[in-house]
Amino acid sequence: MRATRTPATWRSTARPSAPAPPRSRRRADPPAQADPHPAILAAAHAGRHGEAASMAAVWESEAMRMYGPGSLEAVHWLEVRADLARLALEPARSCELWMAAAQARLARHQSTDNTDVEAAVDRAHHQWEQLRDAERARSLGPALVTLRRQVAGRRRGALEAVQRRIEQLQAVPAAGR
């Protein structure tokens, strides 16, 4: 079982060895190339968030092509993009991506108490809590409730916390009403 990686652990864990998109459509193992994580993280830390996200998206596409859309390699890059969105201070995007990562792991039949599944849902929840845009939080809330019903996480009362916040958000008038 692989732990979910965050910038601090990107260099210390195993990663897919897929190079930048090759010209060939063969499914042979690609030659070993330099680890892209440090360059992606450096771009993010330098404030080049779009560049970092684009690089990670290219690697995610390559992982999907090489190993399949639901592969652990593809899920890894989805999680990298979720964390890059967090670093870019884009909690809505980060929340969406962490929820997608959790759903992808569940689709792989990983158990609801799997550490990586719980971590993805917990991170989605945390990013959702960071949202100050009530309308955006309201739009993401139902999907998060659905995930929380499946994956309770380690924090007791997490589902109830989401439901309470949704109730509070309902009291905030939507823009244009």
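Thresholds applied
Residues numbered from 1 in each chain as written. Predicted model: local features only at pLDDT ≥ 70, side-chain atom pairs only at ≥ 80, totals over all residues. Heavy atoms only, no water. Axes fitted to C-alpha atoms, helices over the stretch in contact; angles between N-to-C directions. Helix = DSSP H or I, 4+ residues; strand = E, 2+ residues; numbered from the N terminus. Parallel < 35°, antiparallel > 145°, perpendicular 65-115°, else oblique. Left-handed = near helix turned anticlockwise from the far one by under 90°. Contact = heavy atoms within 4.5 Å. Nonpolar A, V, L, I, M, F, W, Y, C, P; charged D, E, K, R; others polar. Expected span 1.5 Å × (residues − 1). Buried < 20%, exposed > 50% of the residue type's maximum accessible area, 1.4 Å probe, protein only. Arc of directions from axis to C-beta. Salt bridge = Lys/Arg side-chain N within 4 Å of Asp/Glu carboxyl O.

Just checking my understanding: could you explain the packing of helix 5 (residues 115–130) against helix 6 (residues 134–150) for this structure?
Where helix 5 contacts helix 6, the axes come no closer than 11 Å and their chain directions differ by 155°. Judged by the angle between their axes, helix 5 and helix 6 are roughly antiparallel. The element helix 5 and its partner helix 6 pack so that their crossing is left-handed. Seen from helix 5, the contacting residues are Val121, Asp122, Ala124, His125 and Trp128; seen from helix 6, they are Ala137, Leu140, Gly141, Leu144, Leu147 and Arg148. For the contact of helix 5 with helix 6, the per-class residue count stands at 7 nonpolar, 2 polar and 2 charged.

I would appreciate a short explanation of helix 2 (residues 49–67) in the present structure.
An α-helix turns once every 3.6 residues. As a result, residues three or four positions apart point the same way. With 19 residues, helix 2 extends 26 Å between its outermost C-alpha atoms, agreeing within 8% with the 27 Å of an ideal straight helix rising 1.5 Å per residue. For helix 2, the complete set of buried residues consists of Ala52, Ala56, Trp59, Glu60, Glu62, Ala63 and Met66. Buried residues along helix 2 cover an arc of 165° about the axis, so they all sit on one side. On its buried side, helix 2 packs onto helix 1 (37–45) and helix 3 (72–87).

What should I look at first to understand helix 3 in this one?
Helix length check: helix 3, at 16 residues, gives a terminal C-alpha distance of 22 Å against a target of 22 Å (1.5 Å per residue), a fit within 8%. When you tally the buried positions in helix 3, you get 12 out of 16 residues, the bulk of the element. Every buried residue belonging to helix 3 is among Ala74, Val75, His76, Trp77, Leu78, Glu79, Val80, Arg81, Ala82, Asp83, Leu84 and Ala85, and all of these are buried. Against the buried residues of helix 3 lie helix 1, helix 2 and helix 4 (91–107). Downstream of helix 3 by a residue or two, Leu89 has a phi angle that is positive, lying close to 60°.

What is the right way to read the pattern of salt bridges from this model?
Any two side chains of opposite charge can pair, given that their charged atoms come close. Summed over all chains, the structure comprises 10 salt bridges. When the shortest N-O distance is used, the salt bridge between Glu96 and Arg93 registers 3.3 Å. Within this pair, Glu96 and its partner Arg93 are both found in helix 4, separated by 3 residues, close to a single helical turn. What makes Glu96 partly exposed here is its relative accessible area of 26%.

So what exactly am I meant to see when it comes to the environment of Leu144 here?
Counting through the fold element by element, Leu144 comes out in helix 6. Given the relative accessible area of 0%, Leu144 is considered buried. Beyond its immediate stretch of four places on either side in the chain, Leu144 contacts Met99, Ala124, His125, Trp128 and Val162.

Got a minute to help me understand unusual backbone geometry in this structure?
Peptide bonds are mostly trans, and most non-glycine residues show a negative phi. For Leu89, which is not glycine, the phi torsion reads 60° and is therefore positive. If you trace the backbone, Leu89 turns up in the loop between helix 3 and helix 4. Exposure remark for Leu89: the relative accessible area of 73% places this residue in the exposed category.

In this structure, what is going on with the packing of helix 2 against helix 3? I would like to understand it.
For any two helices packed against each other, the geometry comes down to the angle between their axes and how far apart the axes lie. The interhelical angle for the contact between helix 2 and helix 3, taken along N-to-C directions, is 170°, at an axis separation of 8 Å. In this view, helix 2 runs roughly antiparallel relative to helix 3, as classed from their interaxial angle. Of helix 3, the residues touching helix 2 (which contributes His49, Ala52, Ala53, Ala56, Ala57, Trp59, Glu60, Ala63, Met64 and Tyr67) are Glu73, Ala74, Trp77, Leu78, Val80, Arg81, Leu84 and Leu87. Across the contact of helix 2 with helix 3, the residue classes tally to 14 nonpolar, 1 polar and 3 charged.

So yeah, pure geometry; function would need other evidence.
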